[in-house]
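Spelled out, the chains give:
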Amino acid sequence: MSSSTSRIGALCGVLAGLLTAVPGLVEAFTGETSATGVPLAFAPAVALPLLIALHQRQDAAAGSLGRIAIALNLTGLGLFGGAAFASNLVLFHFDEHLVDETLAGSPTVPVFLASATVFAAGCALFGTAMIRARVFPRLPSWSYAVVLPLFAFLTAFPESLLTSSLHVVVGVVLIRLSVALWGMGDGEAATSPVKSALAKSPQG
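Described below are features of the structure shown in this document. (Residues numbered from 1 in each chain as written. Predicted model: local features only at pLDDT ≥ 70, side-chain atom pairs only at ≥ 80, totals over all residues. Heavy atoms only, no water.)

**Details of the packing of helix α1 (residues 3–30) against helix α2 (residues 34–89)**
We apply this condition: With axes taken as lines fitted to C-alpha atoms, and helix axes fitted only over the stretch in contact, angles between N-to-C directions fall between 0 and 180 degrees. Strands here mean DSSP runs of E at least two residues long; helices mean DSSP runs of H or I at least four residues long; both are numbered from the N terminus. Throughout, a crossing is termed right-handed when the near helix is turned clockwise from the far one, and left-handed when it is turned anticlockwise from it by less than a right angle. Contacts: residue pairs with any heavy atoms within 4.5 Å of one another.
One can describe the packing of α1 onto α2 by two numbers: an axis separation of 7 Å at closest approach and a directional angle of 150°. You can see that α1 and α2 cross each other, and the crossing is left-handed. Taken together, the residues of α2 that come into contact with α1 (itself represented by Thr-5, Ser-6, Gly-9, Cys-12, Gly-13, Leu-15, Ala-16, Leu-19, Thr-20, Pro-23, Val-26 and Glu-27) are Thr-36, Pro-39, Leu-40, Ala-43, Val-46, Ala-47, Pro-49, Leu-50, Ala-53, Gln-56 and Arg-57.

As structure tokens, then:
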């Protein structure tokens, strides 16, 4: 992959991490506000270039699992991002009674749950692909596979210290992966560990 694609993805990842972590940190003290909802609404969209760049960097090492994972994760991120946008910029400004009345009997809640499920499954699978490919650091790879699926469901609950903390952790994970991606420089996309070992072995 080109260095420009990699670095654009890394920069977008850092921005997405900040748009997630900073509001989460603020909400730990202030609770959910209209001001913190704006960056959270846009964070999933900004994270898309990072996800694509991560996949391109590890494609050769991740193989078919990585290709299935990126398709599911991108789909889930798109659905979850739409739900986050509606929740933070639309539903938040409605009276609570009006929200309950509007959602009663509508397909919105089941669709939100389905979106969270697809997003959680995509994150778990893509995180697994990163763990197996061993291209990116293990801690953020494991965190992506474990923390982001929890984040998908727990953010539906009322604002609390737990949900605020999850926003911060997810933001840090995105930033850490972005820094790792940026640090890989201009090299070619990673190959599998087996191919790398064979390439380094003495030629007979």
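**Quick word on the pattern of salt bridges**
Cut-off, in case you're wondering: The salt bridge definition used is simple: a Lys or Arg side-chain nitrogen within 4 Å of an Asp or Glu carboxyl oxygen. Only protein chains enter the accessibility calculation, which uses a 1.4 Å probe; a residue whose area is less than 20% of its type maximum is buried, one above 50% is exposed, and one in between is partly exposed.
Summed over the entire model, instances satisfying the criterion amount to one salt bridge. Asp-59 is paired through a salt bridge with Arg-67; the nearest N and O atoms lie 3.0 Å apart. You can call Asp-59 partly exposed: its relative accessible area is 23%.

**What about the layout of surface pockets?**
Put simply, the rule is: Cavities and pockets are defined on a 1 Å grid built over the protein atoms alone: a cavity is a set of grid points where a 1.4 Å probe fits but cannot escape, while a pocket is an open set with protein on both sides within 12 Å along at least five of seven lines, and lining residues are those with an atom within 4 Å of any such point. Grid points are joined across faces, edges and corners, and a volume is the space filled by probe spheres set on the points. Only Asp, Glu, Lys and Arg are considered charged in this grouping, and only Ala, Val, Leu, Ile, Met, Phe, Trp, Tyr, Cys and Pro are considered nonpolar; every other residue, Gly among them, is considered polar.
Volume-wise, the largest pocket comes out at about 1,200 Å³. What lines the largest pocket is a set of 43 residues, among which Ala-84, Ser-87, Asn-88, Thr-155 and Ala-156 lie closest to the centre. Of all the elements in the fold, those that place two or more residues in the lining of the largest pocket are α1, α2, α3 (96–103), α4 (108–133), α5 (138–154) and α6 (161–183). In terms of residue count, α2 provides more of the lining of the largest pocket than any other element does, 14 residues in total. Classifying every residue of the lining of the largest pocket gives 31 nonpolar, seven polar and five charged.

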